Structure formats: C-alpha cells, structure tokens
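Notes for the structure review
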Amino acid sequence: MYEDLIEIKESSENIFDGNLLHVRKDKVKLPNGGTAYREWIKHPGAAAVIPVTEDGQVILVRQYRYPIDEVTLEIPAGKLDMPGEDPLECAKRELSEETGYTAKEYKFLTKLATCVGFCNEVIYTYAAQGLEPGKQHTDEDEFINVVKLPLSEAVAMVEDGRINDAKSVTAILMLDRILNK
C-alpha cells in the first residue's frame, strides 16, 4: 500500500552528534527510480502531560525557549531519557519535576509527530487528573514558573495565539473537547 510514495534509504551519514540531537544525511531512492538526499534530525522522543484540577483548571509552565527567543506557556514535557523508556513514566516524571504535582489518573491523548519534514521526534501526550500538590524539583538548567488557570482561559489563549506551542495547543484543545462535549 502506498508503494508509489515510499523512499528507500541507500546510505546514511552522521553530520552532527550532540547531547540531544543527531543530524543525519541520507541518500534515498525515489519512487520514480531517481535519487535524492534527505537531511533530518534524530530525536529520542518525548512525553507531555496536561494536568487538570477537579474544578477545571489546568497547570501549565512558563519558560524561556532559546531557539525562538520567547517566553512560552506550555504543558509540562520532557524527552525520553533512554531508549525504550515508557512514555507514561516520562510524563509522570516531568509533571513532578516541573510542577511538583503528581496524579492518580492518566489518560493517553495522542502521539504527535512534531516536525515530519526534518525530524523524527514523537511526543506522547497524556491528561492527568486526581492531582496532589508537591514541591517542584527542576533540573539545574531549567527555570520554570508554574501557572494555574481555567481550561476555558487556556483555550482562549490558544485561539488568540498567546499559547502557540504545538504540543500544548493540541493537548488543550483535545482536553477541552473531552471535558466539554
């Protein structure tokens, strides 16, 4: 199925190996028999979680994002720390580290392919309920403010562009749809 679209890797070259990202350059055979080169980023994957309180508020994090030179409002998230790590365990860890909260219930929302044109990153996204507050314990290089606001306000912030992080936009709109059918 879809064989007329599939590209076949003929060779692969490491361009850059960093702590998080690995840049590859692959030579591929095209469906029409021709060849082309594909530069792409290998990423370990990530998990994200949108925590929601009993009264319909969501817990978000505000942080500076260097690549876009902006302070963003996002759902808690982080990369998978090792190959084969359970994304749900990663989501639980990130919720605790970034917000201090733990949750009694988690519901899988979706798997997002973030930048399919040049990166293989996939983010597994969850909703968390039955929240218990605790103490935030971020990594040494993380500076994060915890923000609690009504889900309806988060939806309005998505609609007017104040929240524009793709994983957060997706999770906020999915949670709103689930809770307000």
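Keep in mind that what you see is a predicted model, and the values were worked out from it rather than measured.

Our focus in this paragraph is the pattern of salt bridges. Any two side chains of opposite charge can pair if their charged atoms end up close together. With the rule as written, the count across this model stands at eleven salt bridges. For Arg38, the salt bridge is made with Glu7, and the minimal N-O distance between the two is 2.7 Å. Of this pair, Arg38 sits in strand E3 (residues 35–42) while Glu7 is found in the segment before strand E1 (8–17), placing the two residues 31 residues apart along the sequence. Judged by relative accessible area, which is 35%, Arg38 ranks as partly exposed. If you follow the salt bridges from partner to partner, you end up with Lys79, Asp81, Glu85, Arg93 and Glu94 in one network.

We now examine the UniProt feature "domain: Nudix hydrolase" (unreviewed entry) in the protein. UniProt annotation of "domain: Nudix hydrolase" (unreviewed entry) refers to residues 41–171 when read in the numbering used here. The annotated region residues 41–171 carries 21% helix and 41% strand content, and the separation between its end C-alpha atoms amounts to 24 Å.

With eight of eleven residues buried, strand E9 (residues 122–132) lies mostly within the body of the structure. Where strand E4 (residues 46–51) meets E9, six bridges bridge the pair, whose relative direction is parallel. Note that in E9 the partner of Val49 across the bridge is Tyr126. Pairing of strand E8 (residues 102–113) with E9 involves ten bridges; the strand directions are antiparallel. Bridging across to E9, Lys107 finds its partner in Ala127.

About the thresholds
Residues numbered from 1 in each chain as written. Predicted model: local features only at pLDDT ≥ 70, side-chain atom pairs only at ≥ 80, totals over all residues. Heavy atoms only, no water. Salt bridge = Lys/Arg side-chain N within 4 Å of Asp/Glu carboxyl O. Helix = DSSP H or I, 4+ residues; strand = E, 2+ residues; numbered from the N terminus. Buried < 20%, exposed > 50% of the residue type's maximum accessible area, 1.4 Å probe, protein only. UniProt positions renumbered as here; feature names shortened; annotations may be inferred. Pairing = 2+ DSSP bridges.

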